[in-house]
Amino acid sequence: MAYEQKIKIGAAKTKMVWTLGAASRSVVMIEKLLEAGMNIARFDFSEGSHAHHQETIINLRTAIRNTGILCAVMLDTKGPEIRTGEGETINLPTLTRKDKVDIVQWGIPNRIDIIILSSVHKGSDLDQVRNLLGMHANNIMLMSKIDNEEAAANVDEIMEKTDAVLLARGSPGVDQKKMIDKASALGIPIVTAVQILGGQTTDDDLPNAVLDCTTDCVMLLADEEEAHPDTALQRISSLCKELESSIDYKAVQQKIRKALPRPLQPITARKAAYACWKYPKAKAIIITAKAAVNLVARCRPSVPVLLVVSMSESFKWWSHVASHGLVSRGIIPLMGAESKTIEDMISFGVQVAKKEGICNAGDLVVALRVLNGCPVLQPLHV
């Protein structure tokens, strides 16, 4: 690993997206944003040249090395210029020529982690994007913005193929509660766009989403001229943490259990639910399988969830796994540099949990691992 990872155990469980704009693209300011709680750095390709964004991502990588704080890279596509009236259906491309150039010539070479698709209408739209990504498709998360009636009508097929959903308030013909219920049932991370002004939220979307545990991540949309972006982000992050401290997790989890489909499939989903609910005295959950990340997160555990990622083989691929974990609520990715076996990875997770004060000698933690292709729960007294 090129830097020593700094673990932020006390941060809000709700993840934070911040756009690196004019006032927030210097190394010094990005370092402050990382310390303030930025989990995902958004690059807005509706403006700015490739050279401009290249300078910014170089600054981001430098800030990550300097602070040791992991941060995912998100490319937000510009999408088509045309906007339809309410109720109209028009055959717009998911990706414009510009979007394709931005992804292929800038995004892939810079090892981005997430792409926001600003014009999704049906499930096959995501197939087209993955075809464009080719061999990189497994490494890049596709986040679908559902903000039109056609997408809402085709939500089932979109949910089957998307990796995450982005919801924006006031989208015509979109029943947000329905979208949230569907995504939650499938274990798909939910990102909520929230407008902020002067470091404050302009509506009740953020408090409600945090208290109800109906969002994994918030995308904070601030004025480009925000004078103190780090202060604004710190204020929102602190608000989320304060709200989370008053959540009735027992009630939230009971509601989720009632809403989950029966029988709970696949078996990994059942094991994920057991890991969250069967051991109420556990101080932490340790997971080593990529497939379990979102399944555990959707159960809204009250304890820290440590995702241990091995760096022993194919670092670039595994770094994406860690970065994708930054989208899901409550997931803390750990880059286990020396971990070669599953036992090593679990041991590394336990060591970190002890070091960070999550658990003490004699406490119970639960490990969710894969053994011979099957998910296995492993209660451990550390």
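Keep in mind that this is a model prediction, so the values were computed, not measured. (Residues numbered from 1 in each chain as written. Predicted model: local features only at pLDDT ≥ 70, side-chain atom pairs only at ≥ 80, totals over all residues. Heavy atoms only, no water.)

Our next topic: the domain arrangement of the protein. Domain annotation of the protein identifies domain 1 (15-81 + 90-247) and domain 2 (251-381). Using only C-alpha atoms to locate each centre, domain 1 and domain 2 end up separated by 24 Å. Area buried by domain 1 at its contact with domain 2 is led by K15, L70 and N139, which between them contribute 27% of it. Counting across the interface, domain 1 meets domain 2 through 11 residue pairs in polar contact (both at pLDDT 80 or more). Mapped onto the side of domain 1 that touches domain 2, the elements with two or more residues apiece are β5 (141-145) and α7 (176-186). Grouping the amino acids of the side of domain 1 that touches domain 2 by side-chain chemistry returns 16 nonpolar, seven polar and five charged. (Domains from an automatic or database assignment. Buried area = accessible area lost by both parts, 1.4 Å probe. Polar contact = N/O pair within 3.5 Å; in protein donor to acceptor, adjacent residues only side chain to side chain. Helix = DSSP H or I, 4+ residues; strand = E, 2+ residues; numbered from the N terminus. Nonpolar A, V, L, I, M, F, W, Y, C, P; charged D, E, K, R; others polar.)

To continue, consider α7. When α7 is considered as a whole, its buried residues turn out to be M179, I180 and A183. Seen end-on, α7 carries its buried residues on one side only, within an arc spanning 95°. Residues of α7 that are buried make contact with α5 (149-153), α6 (155-161), β6 (164-167) and β7 (190-197). Positive backbone phi, approximately 75°, marks G187, located one or two places after α7. (Buried < 20%, exposed > 50% of the residue type's maximum accessible area, 1.4 Å probe, protein only. Arc of directions from axis to C-beta. Contact = heavy atoms within 4.5 Å.)

The final tally for this structure, using the stated rule, is zero disulfides. There is no disulfide at C217, and the cysteine sulfur nearest it, in C240, is 9.8 Å away. (Disulfide = S-S within 2.5 Å.)

Let us now look at the sheet that holds strand β11 (residues 305-310). Strand order in this open sheet of five strands is β12-β11-β10-β13-β14, and the pairing throughout is mixed. The sheet is open, and its two borders are formed by β12 (331-336) and β14 (374-381), each paired with just one other strand. With strand direction ignored, the average angle separating the axes of adjacent strands in the sheet is 25°. Sitting on the sheet, helix α11 (residues 267-277) is in contact with β10 (284-287), β13 (364-371) and β14, with an inclination near 15° to β14. (Pairing = 2+ DSSP bridges. Axes fitted to C-alpha atoms, helices over the stretch in contact; angles between N-to-C directions.)

Next up on the list: the packing of aromatic side chains. In this description, a pair of aromatic rings is defined by centroid distance and the angle of the planes. Here the structure, examined in full by the defined rule, presents two aromatic pairs. Ring pairing ties together the aromatic residues F43, F45 and W106, which thus form one cluster. The positively charged end of K278 is found above the aromatic ring belonging to Y274, 5.8 Å away from the centroid. (Phe/Tyr/Trp six-rings, centres within 6.5 Å; stacked < 30°, edge-to-face > 60°. Lys NZ or Arg CZ within 6 Å of the ring centre and 35° of its normal.)

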